[in-house]
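These are the residues of each chain, in order.
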Amino acid sequence: MLGPVILAASRSDRLRRLVSAAPVTRPVVDRFIPGENVDDIVPVVRELTDKGLELTMDVVGEDITTPEQAAAARDAYLELIDRLKPMELGRRAEMSVKLSMFGQALPGGHELALANVRPVVEAADAIGTTVTLDAEDHTTLDSMFAVHEELRRDFPRTGCVIQAYLFRTEADARRLAASGSRVRLVKGAYKEPASVAYQDRHEIDKAYVRVLRTLMEGEGYPMVGSHDPRLVAIAQELARRAGRKQDEYEFQMLYGIRSEEHLRLAAEGHRMRVYTAYGTDWYGYFMRRLAEKPANLRFFARSVVGR
Ligand code: FAD
């Protein structure tokens, strides 16, 4: 019951200001977002890669309001790529981007987001890695898929995310699987209406399995984005039935969530990529993590009241 309330709060500017300014918030936020700038994050990259894990890196931010902020988002990713270059990690450190942070919701936003994200994809490609376009709320997805298709003409490894909770996703998965794309499948983290998305957790899980089967049987590279132990086991079985080897798909989980499972899967020889977010504009990302598991909210509330 709490999840939808927290998701609604994730879009409140007043709460954003309140929560972001509270000094006690930071230690709780650190669990999910281990740093505010590129200097904080380079040691985290080293630590995870030393453990045999791979990364997809997100400079947090979304819902920006000016073209200058969109350009700043682009520059933050370019700075990150510049710092990763001498580390020679190649695809062990990829990027994840939200097009809303690149200006998608501004006037002329589709073109603006494409113009801002292209140099990031080019720079990533130049250091031997790639970019995945995150999926945001359902109103943004036609534009995201169009940007994805456009980028893939020059950079075919550019990936995108699809969300099992949306009714449209089975058709999107068939199209993307046939085109041989890299695709991350997730359950979906936004508050979506019943007209476009399953609301029942069980229905969402069933849809996840149907979509995953399509991806595993297709021509592309499936990225299994879930912490759900049942879905992780089903993914391994579907990959086996589809005749995929361990390097023909991968698992992805979020930094700070089920970290022991990251190591277990990596030790079994799977490619395990940790979605690692950093930056100062962490409010939306943080609130979605609270909404996914209300126990996190109790933990957060306890630290706010100092107990
Ligand atoms: P759940 O059933 O929610 O969780 C399974 C178990 O994992 C829980 O029982 C709990 O033990 C643990 N767990 C899950 N979430 C948390 C949490 N926040 N805190 C503590 N424990 C937790 N969503 C989008 O809409 N767009 C995206 O682009 C996107 N990218 C993602 C990238 C990655 C790599 C991952 C892993 C998720 C991404 N998500 C994205 C979020 C996703 O949609 C889900 O909200 C999130 O993964 C929780 O779903 P789950 O599959 O882990 O299953």
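Quick caveat: nothing in here was measured; it's all calculated off a predicted structure. (Residues numbered from 1 in each chain as written. Predicted model: local features only at pLDDT ≥ 70, side-chain atom pairs only at ≥ 80, totals over all residues.)

Caption draft 1: Molecular detail of the overall build of the protein. Helices and strands together make up the secondary structure of the protein, namely 13 helices and eight strands. For the protein, the spread of C-alpha atoms along the principal axes amounts to about 50 × 40 × 40 Å. Partitioning the intrachain contacts of the protein with sequence separation of at least 6 by distance along the chain shows that 72% fall at a separation of at least 24. (Helix = DSSP H or I, 4+ residues; strand = E, 2+ residues; numbered from the N terminus. Contact = placed C-beta atoms within 7 Å.)

Caption draft 2: Representation of the nonpolar core. Residues Tyr77, Val97, Val120, Leu185, Val211 and Leu212 are the most contacted members of the largest nonpolar core, which totals 82 residues. Sorting elements by how many residues they give to this core places helix α5 (residues 67–84) first, with seven residues. Residue assignment places this core across two domains, with domain 1 (1–32 + 283–307) and domain 2 (54–281) each supplying three or more. If near-sequence neighbours (up to four positions away) are discounted, tyrosine 77 is found in contact with Val59, Met95, Val97 and Val120. (Core = buried A, V, L, I, M, F, W, Y, C linked by C-beta atoms within 7 Å. Buried ≥ 20, exposed ≤ 12 C-beta atoms within 10 Å, placed from the backbone. Domains from an automatic or database assignment.)

Caption draft 3: Quick peek at the site of the ligand. Asp134, Val186, Ser226, His227 and Glu292 are the nearest of the 24 residues found near the ligand. Per-element tally for the shell around the ligand: the top contributor is strand β7 (residues 250–254), with three residues. The class makeup of the residues in the shell around the ligand is nine nonpolar, seven polar and eight charged. Counting only domains with at least three residues in the shell around the ligand, you end up with domain 1 (1–32 + 283–307) and domain 2 (54–281). (Near = placed C-beta within 6 Å. Nonpolar A, V, L, I, M, F, W, Y, C, P; charged D, E, K, R; others polar.)

Caption draft 4: Expanded view of the packing of helix α9 (residues 201–217) against helix α10 (residues 229–241). Following both chains from N to C, one finds α9 and α10 inclined at 25°, their axes separated by 10 Å at the closest point. As summarised for this structure, α9 and α10 are arranged roughly parallel, according to the angle between their axes. The handedness of the crossing between α9 and α10 comes out as right-handed. Two secondary-structure elements touch here, α9 through Asp205, Tyr208, Val209, Leu212, Arg213 and Met216 and α10 through Leu231, Ile234, Ala235, Leu238 and Ala239. Looking at the contact of α9 with α10 residue by residue, the classes come out as nine nonpolar, no polar and two charged. (Axes fitted to C-alpha atoms, helices over the stretch in contact; angles between N-to-C directions. Parallel < 35°, antiparallel > 145°, perpendicular 65-115°, else oblique. Left-handed = near helix turned anticlockwise from the far one by under 90°.)

Caption draft 5: Structural context of the sheet that holds strand β8 (residues 272–278). An order of β1-β2-β3-β4-β5-β6-β7-β8 is seen for the eight strands of this closed barrel, with the pairing classed as parallel. Each strand axis lies, on average, 30° off the axis of its neighbour in the sheet, ignoring direction. In the packing of α9 onto the sheet, contacts are made with β4 (159–163), β5 (182–186) and β6 (221–225), and the angle to β5 comes to roughly 165°. (Pairing = 2+ DSSP bridges.)

Caption draft 6: Quick peek at the environment of glutamate 62. For glutamate 62, the location among the structural elements is in the loop between β1 (54–59) and α5. Linking glutamate 62 and serine 10, residues 52 residues apart in sequence, is a C-alpha distance of 11 Å. In contact with glutamate 62, not counting residues within four places along its chain, are Lys98, Ser100, Met101 and Gly284.

Caption draft 7: Main features of the domain arrangement of the protein. What the domain assignment reports for the protein is domain 1 (1–32 + 283–307) and domain 2 (54–281). Between domain 1 and domain 2, the C-alpha centre-to-centre distance is 23 Å. Taken together, the contact between domain 1 and domain 2 spans ten residues of the former and ten residues of the latter. Ranked by the residues each element gives to the side of domain 1 that touches domain 2, the list is headed by helix α12 (residues 283–292), at five residues. Of the residues that constitute the side of domain 1 that touches domain 2, the class distribution is six nonpolar, one polar and three charged.

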